[in-house]
Every structure is written in C-alpha cells, then in structure tokens.
Amino acid sequence: MELGPTFSASSVNKTMFLSAPITQKSNLFPNSWLNLLNFSSPTRKICSCRAIAKGSINSLKIQEKVTGMSSDHSQDLELSSLTALCPLDGRYWGKVKELAPFMSEYGLIRFRILVEIKWLIKMSQIPQIVEVPIFSEGALAFLQDLIDGFSMNDALEVKKIERVTNHDVKAVEYFLKQRCQSHPEISKVLEFFHFACTSEDINNLSHALMLKGALNTVILPVMDELIRAICDMATTHSSVPMLSRTHGQPASPTTLGKEMAIFAYRLNRERKEISQIEMLGKVAGAVGNYNAHIAAYPEINWPEIAEEFVTSLGLEFNPYVPQIETHDYMAKLFHSIVQFNNILVDFDRDVWGYISLGYFKQTTKAGEIGSSTMPHKVNPIDFENSEGNLGVANGDLSHLSTKLPISRWQIATELEHVNLRALSLVRWLQLHLVRDLTDSTVLRNMGVGLGHSLLAYRSALQGIQKLQWIELRDTCAGGRDAWLPNPIKFSFSILSVIEENVNAVLGEVNEAALAEDLDKTWEVLAEPIQTVMRRYGVPEPYEKLKELTRGRTVNKESIREFIQKLDIPVDAKTSLLNMRPHSYIGAAAELAKNVNEAINLVNGVQIL
Ligand SMILES: O=C(O)C[C@H](Nc1ncnc2c1ncn2[C@@H]1O[C@H](COP(=O)(O)O)[C@@H](O)[C@H]1O)C(=O)O
C-alpha cells in the first residue's frame, strides 16, 4: 500500500538511471519531444527517465566501469521500505501511513468498490428499472459486507483481474460480478453493476471520497494541531519583547507571541478555505449527457437520479461535464493547500532564524547527534525537514492544480505553437481520442502531495515541541519589572552551555546578555519620540531624530538628554522618559493574547 504510484521491483530495472539529470538528452527522443514533456513533479521525472533510460544501456556499462558497482541489482530487489523509490513509502512511512487507506492504489480500489455497489443499489431503488427489484435485507447486508469487509486480498484479486483486462475500472466490475455470482438475488442483476457508467463516473466519485476521507481524517486534524501549537506559542509568549528586524535591521520592537499569532491567523484562514471547498461529483456517462442511460430508460429523469446519487455520497453535484468531472474543485483545493504550505514555509524559515539568533534553544535528546563533526551543535533539522517537504509537496500539488483542469483540446491549441512534430502527434490524438487519460496517471499522485504535506506538518510540530523557553528567574538582576509584564519568559540559545546546568547557568548568564542586547537598540525609540513631537507641533521632528540617531551610537543617556530638551507637555515627556526599547511594543502583547478569539479557530471543522 504505497502513497506514490507503485513501482514493483521488476518494473524498476536500471534504477541507477533514475538519478540521471532530466535534461540529459537521449537519441530516442527528438528535442522537440523533450519540450513536450512537462517535468514538474519528481515522480513524473522518474517515469519519463525510465523511458529515456531504456535507450542508454551503453552509458550504464560505462558507469559500471567507472564506479566499480554492479549495475543490475534490481533483479534481487523486492519492494520494501529500503527499496521504495518514493521516500514516503520508505524512510517516512511511519509518519504518513494513515493516508494509505485513502490515497493508495488499495484506497482507490476500495472506494471504487463502494461506488459501484452504491450505484447498483441506486438502480434497485428506481421504480422504472423493474429488472432490478428492491434488494432484500440479506442482499443489502451482503453488499454492505463487500464494502466494509474489503481486504488486501480483495484488492490483490482486483489487480489480478486487471492484469488480464488492462483496464483498472473494468477489473473492479468483474471482481464484483465474480463475488456476487453465488448470491441468489444479486446474481440475477449482475449486468446492472456499472450500469450506463463510464469508468470516470466511478473514478471521479472515488477520487472525491478519497480526498474527503484523507482531509477529514488525517490532514485537517494535523493542520489543527499545528495551528493550535502556534496559537499556544502566541499566547504563552504574548508579552516577550523582541526586536523586529525589517530589512534585517533593528526596527521597532514587537513581541515574540504576536509574531507567532500572525502565522496562526494566516494558517487558520487557509485551513478554513480548505474546509469550505465543495467536492464535486458527476455520474453522467461517457460524454456527460446520459446518452446510454436515456437509451435504455428514456422515461427516467437521469440528471435528477445522478444528483441524488452524488449527494447521497456526501458530495456536491456537478451537472455540466464532459466525460470527466472537470477537476476545478481539485485545482482550488490543491491551490489552497499550496498556500497553506507556503505560509508554513514562511513560519519554518522565521523560526529557523530565531533559533539562529539565539531566541530559542532546542532541547536535546541523549544519543542524538547534531553535527557529525561539530559536537556542540543542535541543528534545527525539523524545521529544515518541514521546509524541504513543503517544497516537494507544492511541486506535486501545483502540478495537479494547474494540469487537472485542462483537457486534451486546450492542450492541443497550446501545443500547436510548439512545433510541427508536436502538431502531428496532437492531430493524431484529436482524431483518435474523445478524452485523454493524462489526468488518470497524474491523479495517482494526490497522495504524494498530501503525504509530503503531512510529513512537513509533523516535522514542524516536532520542531515546535523541541523549542525550549527558559523562564527568567526571580533572582535576575532588578529593573526588569520596569519594562517586562509578568509572567516573564524569554528564551535564548546558548549553544555552548553545559547541558546539566542549563537552567541555572542561563538565568544568570543571559540576564547580562539580555540587558546588553536591549541597551544596544535605544535608537528604536526614535520612532515614538518623533511621533509624540509631531503631535505637539515640534518643528521638523523626523529630521531632528534622524540627526540624533541615523548611523550613530545611541544609548539611554543620549536619548534621555534629547527628550529632556523637548518643548512638550510634562506628562508626555515623563512618559517618553519612562519608555525603554522593551516596553515599546505597541499592542503586540494584546494582539497575541487575543489570538484564539481573533482567528475564530476552526478546529475540528470538516469538509461537509
Ligand atoms: O469507460 C471507459 O473506460 C471510457 C474510456 N475512458 C476511460 N476512462 C477511464 N479509464 C480508462 C478509460 N480508458 C481506459 N481507461 C483505463 O485507465 C487506466 C489508466 O491507467 P494509468 O495511465 O496508469 O492511470 C487504465 O487501466 C486504462 O485501461 C473512453 O474510451 O472514453
């Protein structure tokens, strides 16, 4: 049960070639053909490279001589977590396997079985179809059992049939007919399995159900967990002052919590979008007009039946379709997940930066290695893993969302501009196909995009859990209460401290470091001072502050001296004199504290 398209050991001959750069040109492919291949997803690169590889046996032999490695290991290899080409099915299986019941080949067959059976039952409920009488309780239970009891052996049986039919949906139909042959009631209506259907009627409904199941059961709950964790960071550290860095330079202070709240807010908004996307379905036959249905039973209102059926599966009805469900909702869904993932990349990079600045310390685990050569290091590998996987996920999901809504005819128009060789291929396709199957193989990669997303969410969560915030001790040097609201927490990394004494050492050592840090940025008060001066009509406030601060060393004394000389009301002056970089945080603390109410967490809301 793999998340990526299956590559059996025997089909992965010449595996070594899969690492060949995709730009490598082969004699087998004219350049113009290479232009036609859209290599935007890793899995498709592999498929295409396999084709290129077939013509490259000679270079394999050369490679063998150079490396001294035997090239043909593939003969001995069986598919396992060590030989899987897709890391989701190998290295990361344990972290993503919950997706497999939905997103694998097994999952697809399972849902096809469900749809075919439900359609047969629907036929039995249409009064005009007298040939399929209402099923008895026993027959219904028998059919339900085929759905509920669907097993790996059943899936293998379907695959066995597919090896003969070379048609994956027909294989499911034959499997069901075989299974029901012995049932006295159902055996009489076997030909009403897949009645008037085209394969896409079964496929599109299965794909929608697979996606809905995977999102509701696995993806959305983990997204929620992640948003909750970031919200917790926001509220817990709502009042921890932090220097902002616009353009990487010290800027007006904020709080760490408020910066986290931004991410929680953004992620939550995208998550909400995802849960509001309507999953569409169709069951309108080979070209979307109920042609076969009407030919057999002209008296039935088939569009109505189709709508009833699609909605009974918990999906929205799409009434205007060609053969395929047009995949627009999928494009929207994958785009939204890409957007969610992009926000998370932003989060990962920011937290990575904060770790690097020493704002966070990461907990260590006995036995774990940070760097193979620099023993002191605790690398932010979880955030790096998350960012990397989000990139892979977005590559896949972006391709799905841009490719799926396009059918053969639009592609033909585009390709006409490419070159004449392409044109002749496309013309051939136009003449010979009423629909193309490019979506079929691409759709098998939904699990790849979702799997890498899931892995990235889990890595980010793991990274967050490892972040350690060290509470400043009450014993810290005085003066703190003047500028820090309680409870005060601040974190910082000290890469070189002795682990066992970490808390004791940090409380003291970093109190000094913290004070020094704050004293370094008194220039950030230039903004509030010049703004208060504007209020009280002091001429050229900006210019005066600029003269005082820009490119100069500014400290508490020089700032205070400047304020003392200002011709502004006493209250305003006192308030400015009391201000410190740490307290100049605006509404950041309140914004962070209120994040839960502000974003109206959609935790647990599922796609209906
Ligand atoms: O109801 C139909 O089948 C109508 C037919 N259109 C098809 N619709 C859906 N599936 C079809 C279609 N045609 C083939 N196949 C089967 O799809 C499978 C494609 O395999 P892959 O490229 O690995 O995804 C692979 O198993 C194919 O056999 C048409 O002629 O319009």
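The name given to the protein in an unreviewed UniProt entry is Adenylosuccinate lyase, with the source organism recorded as Anisodus tanguticus.

> Any chance you could explain the overall build of the protein here in plain terms?
Scanning the protein from terminus to terminus reveals 26 helices and eight strands. With 608 residues in all, the protein has 50% of them scored as buried. In the structure as shown, the protein presents an accessible area of about 30000 Å², 53% of it carried by carbon and sulfur atoms.

> Sorry if this is basic, but what is going on with the pairing of strand β1 (residues 241-246) here?
Every other side chain in a regular strand lies on the same face of the sheet, so the side chains alternate between the two faces. Direction of pairing for β1 relative to strand β2 (residues 249-255): antiparallel, over a ladder of five bridges. Across the sheet, residue S244 finds its bridge partner in β2, namely A251. Here β1 folds back onto β2, and the loop between the two strands holds two residues, one of which, H247, carries a positive phi near 55°.

> Mind showing me how you'd approach the site of the ligand here?
Among the eleven residues in the neighbourhood of the ligand, the closest are listed as N166, T198, S199, Q323 and S440. At 2.4 Å, a side-chain N or O of S440 approaches an oxygen atom of the ligand. Notes on the ligand: free accessible area 630 Å², of which the protein chains cover 67%. Here the residues of the shell around the ligand are counted per class, giving one nonpolar, seven polar and three charged.

> Honestly, the pattern of salt bridges in this entry has me stumped. Any pointers?
The full count for this structure, using the stated rule, is 18 salt bridges. Between K565 and E561 there is a salt bridge, with the nearest N and O atoms lying 3.7 Å from each other. Within this structure, E105, R112, K159, E162, D168 and R444 form a network of salt bridges that share partners.

> I keep staring at the packing of helix α10 (residues 199-236) against helix α19 (residues 446-466) and nothing clicks. Help me out?
Each pair of packed helices can be described by the angle between their axes along with the distance between the axes. Direction vectors running N to C along α10 and α19 enclose 20°, while the axes themselves pass 10 Å from each other. Classified by the angle their axes make, α10 and α19 are roughly parallel. Crossing geometry of α10 relative to α19 is assigned as left-handed. Within the contact of α10 with α19, the residues separate by chemical class into 18 nonpolar, one polar and two charged.

> Sorry if this is basic, but what is going on with a nonpolar patch on the surface here?
Together, M1, M152 and L156 line one region of the surface with nonpolar side chains, adding up to about 270 Å² of accessible area. Following the sequence through the fold, M1 ends up in the segment before α1 (31-36).

> Help me out: how do you make sense of the environment of K520 in this one?
You can see K520 is positioned in the loop between α20 (502-519) and α21 (526-535). Separated by 35 residues in sequence, K520 and N555 have C-alpha atoms that sit 7.1 Å apart.

> For this particular structure, what's the right way to read unusual backbone geometry?
Working note: non-glycine residues mostly have negative phi, and peptide bonds are mostly trans. The backbone of A196 sits at a positive phi, close to 60°, despite the residue not being glycine. Positionally, A196 belongs in the loop between α9 (168-180) and α10. In this structure A196 comes out as buried when scored by relative accessible area, which is 17%. Phi is positive for H327, close to 70°, though the residue is something other than glycine. As for its placement among the helices and strands, H327 is situated in the loop between β4 (316-317) and α14 (328-357).

> So what exactly am I meant to see when it comes to the confidence of the model for the protein here?
As a note on interpretation, predicted positions should not be read in detail where pLDDT is low. Averaged over every residue, the pLDDT of the protein is 80; residues scoring 70 or more account for 72%. Contacts of residues 6-54 to residues separated by more than four positions or lying in other chains number 70 contacts, the stretch itself having pLDDT below 50. Scored below 50 in pLDDT, residues 470-515 makes 71 contacts in the model with residues more than four places away or belonging to other chains.

> Teacher, can you tell me more about empty space enclosed by the protein here?
Gaps left between atoms show up when a probe the size of a water molecule is rolled over them. Applying the stated criterion across every chain yields a total of four cavities of 30 Å³ or more. By volume, the largest cavity is sized at about 70 Å³. Surrounding the largest cavity, twelve residues form its lining, R112, N203, H207, S440 and R444 being those nearest its centre. When contributions to the lining of the largest cavity are tallied by element, the ones reaching two or more residues are α6 (105-125), α10 and α18 (438-443). When grouped by side-chain class, the residues that make up the lining of the largest cavity number three nonpolar, three polar and six charged.

> Whenever I open this one, the packing of aromatic side chains confuses me. Can you help?
Here the distance between the centres and the angle between the planes together describe a pair of aromatic rings. Considering all chains together, one arrives at nine aromatic pairs under this definition. Judged by centre distance (4.9 Å) and plane angle (70°), the ring pair of W119 and F309 falls under edge-to-face. Of this pair, W119 sits in helix α6 while F309 sits in helix α13 (residues 302-312); the two residues are 190 residues apart in sequence, bridging distant segments of the chain. Comparing W119 with F309, the two get one shared label, buried. Put simply, the rings of W119, W302 and F309 pair up and form one aromatic cluster. Between R110 and the ring centre of F102, over which it is positioned, the NZ or CZ distance is 5.8 Å.

> Honestly, α14 in this entry has me stumped. Any pointers?
Owing to its 3.6 residues per turn, the α-helix brings residues three or four apart onto one side. Helix length check: α14 (30 residues) gives 44 Å between terminal C-alpha atoms against 44 Å at 1.5 Å per residue, within 8%. A positive backbone phi angle near 90° is found at G358, which sits one or two residues after α14.

> Looking at this structure, how should I read the side chain of H183?
Mapped onto the fold, H183 is located in the loop between α9 and α10. A polar atom in the side chain of H183 sits 3.2 Å from the backbone nitrogen of I186.

> Before we go on, may I ask you to explain α13 in this structure?
Taken residue by residue, α13 has W302, I305, A306, F309 and V310 as its buried positions. Relative to the axis of α13, the buried residues are bounded by an arc of 125° and lie together on one face. Its buried side turned inward, α13 meets α6, α10, β3 (280-281), α12 (291-296) and β4.

> Even after reading the chapter, I still don't get the nonpolar core, so can you show me in this structure?
A general trend in soluble globular proteins is that nonpolar side chains are found buried together. Counting residues in hydrophobic clusters, the biggest one holds 130 residues, and the most contacted among them are L143, L211, W302, F334, F347 and Y457. Not counting the four nearest positions on each side in its chain, W302 is found in contact with W119, M123, I126, I129, Y290, H293, I294 and Y297. Judged by nonpolar contacts, the second largest core, of 19 residues, contains A526, V554, L576 and Y584.

> Sorry, what's going on with the packing of helix α8 (residues 152-165) against α9 here?
Where α8 contacts α9, the axes come no closer than 8 Å and their chain directions differ by 120°. Here α8 is positioned oblique relative to α9, judged by the angle of their axes. Here α8 runs over α9; the crossing is right-handed. Where α8 abuts α9, its residues D154, E157, V158, I161, E162 and T165 lie against D168, A171, V172, Y174, F175, Q178 and R179. Its residues placed into classes, the contact of α8 with α9 shows six nonpolar, two polar and five charged.

> When you look at the state of the cysteines in this model, what are you seeing that I'm missing?
Disulfides are covalent bonds that connect the sulfur atoms of two cysteines. With the rule as written, the count across this model stands at zero disulfides. Between C180, a free cysteine, and C197, which holds the nearest cysteine sulfur, the sulfur-to-sulfur gap is 15 Å.

Procedures and definitions
- Residues numbered from 1 in each chain as written.
- Predicted model: local features only at pLDDT ≥ 70, side-chain atom pairs only at ≥ 80, totals over all residues.
- Heavy atoms only, no water.
- Helix = DSSP H or I, 4+ residues; strand = E, 2+ residues; numbered from the N terminus.
- Buried < 20%, exposed > 50% of the residue type's maximum accessible area, 1.4 Å probe, protein only.
- Areas by Shrake-Rupley, 256 points an atom, 1.4 Å probe, with all protein chains shown as cover.
- Pairing = 2+ DSSP bridges.
- Near = heavy atom within 4 Å.
- Polar contact = N/O pair within 3.5 Å; in protein donor to acceptor, adjacent residues only side chain to side chain.
- Nonpolar A, V, L, I, M, F, W, Y, C, P; charged D, E, K, R; others polar.
- Salt bridge = Lys/Arg side-chain N within 4 Å of Asp/Glu carboxyl O.
- Axes fitted to C-alpha atoms, helices over the stretch in contact; angles between N-to-C directions.
- Parallel < 35°, antiparallel > 145°, perpendicular 65-115°, else oblique.
- Left-handed = near helix turned anticlockwise from the far one by under 90°.
- Patch = residues over 30% accessible without salt bridge, like charges linked within 9 Å, V, L, I, M, F, W, Y side chains within 5 Å.
- pLDDT = per-residue confidence, 0-100.
- Contact = heavy atoms within 4.5 Å.
- 1 Å grid on protein atoms, 1.4 Å probe; cavity = no way out; pocket = protein on both sides within 12 Å on 5 of 7 lines; lining within 4 Å.
- Points joined across faces, edges and corners; volume = space filled by probe spheres on them.
- Phe/Tyr/Trp six-rings, centres within 6.5 Å; stacked < 30°, edge-to-face > 60°.
- Lys NZ or Arg CZ within 6 Å of the ring centre and 35° of its normal.
- Expected span 1.5 Å × (residues − 1).
- Arc of directions from axis to C-beta.
- Core = buried A, V, L, I, M, F, W, Y, C linked by side-chain atoms within 4.5 Å.
- Disulfide = S-S within 2.5 Å.

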